[in-house]
Amino acid sequence: RLRERNLRFRTDVSSRKESSPVDEFASRHYPVQENMRFQKRSWIVERLGWLVLTVIAVVGLTGAFGNGPASWAHATGGALSVTYERFQRATRTSSFVFDLGPGGAGERTLHLCAPFQRDFEFTSIQPPPSRSKTDRDGIDLTFAAPPGAAGRVVIWAHARSYGLSRIIASLDGGPAAAFWVFAYP
């Protein structure tokens, strides 16, 4: 009897080897019930998830969510140029560097439009203005400057709200430098 069982086992194993290979992508019912159509869809969703996470990581590394090369920006208007971060966090203080070209007769007036005053809270202004004036149109910051000399004003501020702010700045009533800032929560 033992020999008969062994012979039967050998023939069963050899017949399995000779049969067609198992289709790995066919739904099975034994030993575990599978639905390969559902499984393939799950794999596609999983790979799409990997792709989305990779894109988010790459975009984050470029600076689109804050400090980085995609965030650094520059705007000019006449003798005024502004260097700033295009994408900011509302909880973080950021700098706006205004380079004032040569000109003027002892005083330079930097005008910042109303959205800048409304959307940002000033933390520090370096150098401090000799005088300032606010009205519906925005804020005017007047700085003492040697005649014909260039200057630099750095304003440290953080966003008061989230979203897009369109800002216009001008120097001594000249051409305006327009730029935008997006504040993330």
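The structure under discussion appears in the preceding block.
Owing to the predicted nature of the structure, the values given are computational and were not obtained by experimental measurement. (Residues numbered from 1 in each chain as written. Predicted model: local features only at pLDDT ≥ 70, side-chain atom pairs only at ≥ 80, totals over all residues. Heavy atoms only, no water.)

Asks: Help me understand helix H2 (residues 36-62), please; the structure alone is not making it clear to me.
Replies: Residues spaced three or four apart along an α-helix point in a common direction, a consequence of the helix completing one turn every 3.6 residues. Here H2 spans 39 Å end to end across 27 residues, near enough to the 39 Å set by a 1.5 Å rise per residue. Once H2 finishes, Gly63 follows within two positions and takes phi at roughly 105 degrees, a positive value. (Helix = DSSP H or I, 4+ residues; strand = E, 2+ residues; numbered from the N terminus. Expected span 1.5 Å × (residues − 1).)

Asks: Quick question: what am I supposed to make of the sheet that holds strand S8 (residues 138-144) here?
Replies: Whether parallel or antiparallel, the strands of a sheet pair through hydrogen bonds between backbone atoms. Read across the open sheet, the six strands follow the order S3-S11-S10-S5-S8-S7; overall the sheet is mixed. Both outer strands of the open sheet, strand S3 (87-89) and strand S7 (131-135), are each paired with one neighbouring strand and no more. Neighbouring strand axes in the sheet, compared pairwise and without regard to direction, differ in orientation by 25 degrees on average. Across eight bridges, the pairing between strand S10 (residues 163-171) and strand S11 (residues 176-184) is antiparallel. Considered in S11, the bridge of Ala169 is made with Ala177. (Pairing = 2+ DSSP bridges. Axes fitted to C-alpha atoms, helices over the stretch in contact; angles between N-to-C directions.)

Asks: Would you explain the pairing of S10 in this entry?
Replies: Note on strand geometry: in a regular strand, side chains alternate between the two faces of the sheet. Sheet analysis places strand S5 (residues 107-113) next to S10, joined by three bridges and oriented antiparallel. Residue pairing across strands places Leu112 opposite Ala169, the latter belonging to S10.

Asks: Sorry, what's going on with the pattern of salt bridges here?
Replies: Close approach of charged atoms lets side chains of opposite charge pair. Counting across every chain of the model gives six salt bridges. A salt bridge links Asp99 to Arg152, with the nearest nitrogen and oxygen atoms 2.6 Å apart. With Asp99 in strand S4 (residues 94-100) and Arg152 in strand S9 (residues 151-159), this residue pair connects regions lying 53 residues apart in the sequence. Measuring nitrogen to oxygen at the nearest pair gives 3.0 Å for the salt bridge that ties Asp119 to Arg118. (Salt bridge = Lys/Arg side-chain N within 4 Å of Asp/Glu carboxyl O.)

Asks: Please clarify how the nonpolar core should be interpreted in this entry.
Replies: Grouped burial of nonpolar side chains is what soluble globular proteins tend to show. Counting 29 residues, the largest nonpolar core has Leu80, Phe96, Phe98, Leu112, Ile155 and Phe179 as the members making the most contacts within it. Here Leu80 is in contact with Ala75, Phe98, Asp99, Leu100, Leu110, Ala169, Ser170, Leu171 and Ala177, once residues within four sequence places are set aside. (Core = buried A, V, L, I, M, F, W, Y, C linked by side-chain atoms within 4.5 Å. Buried < 20%, exposed > 50% of the residue type's maximum accessible area, 1.4 Å probe, protein only. Contact = heavy atoms within 4.5 Å.)

Treat this as a map of the structure, not an account of what it does.
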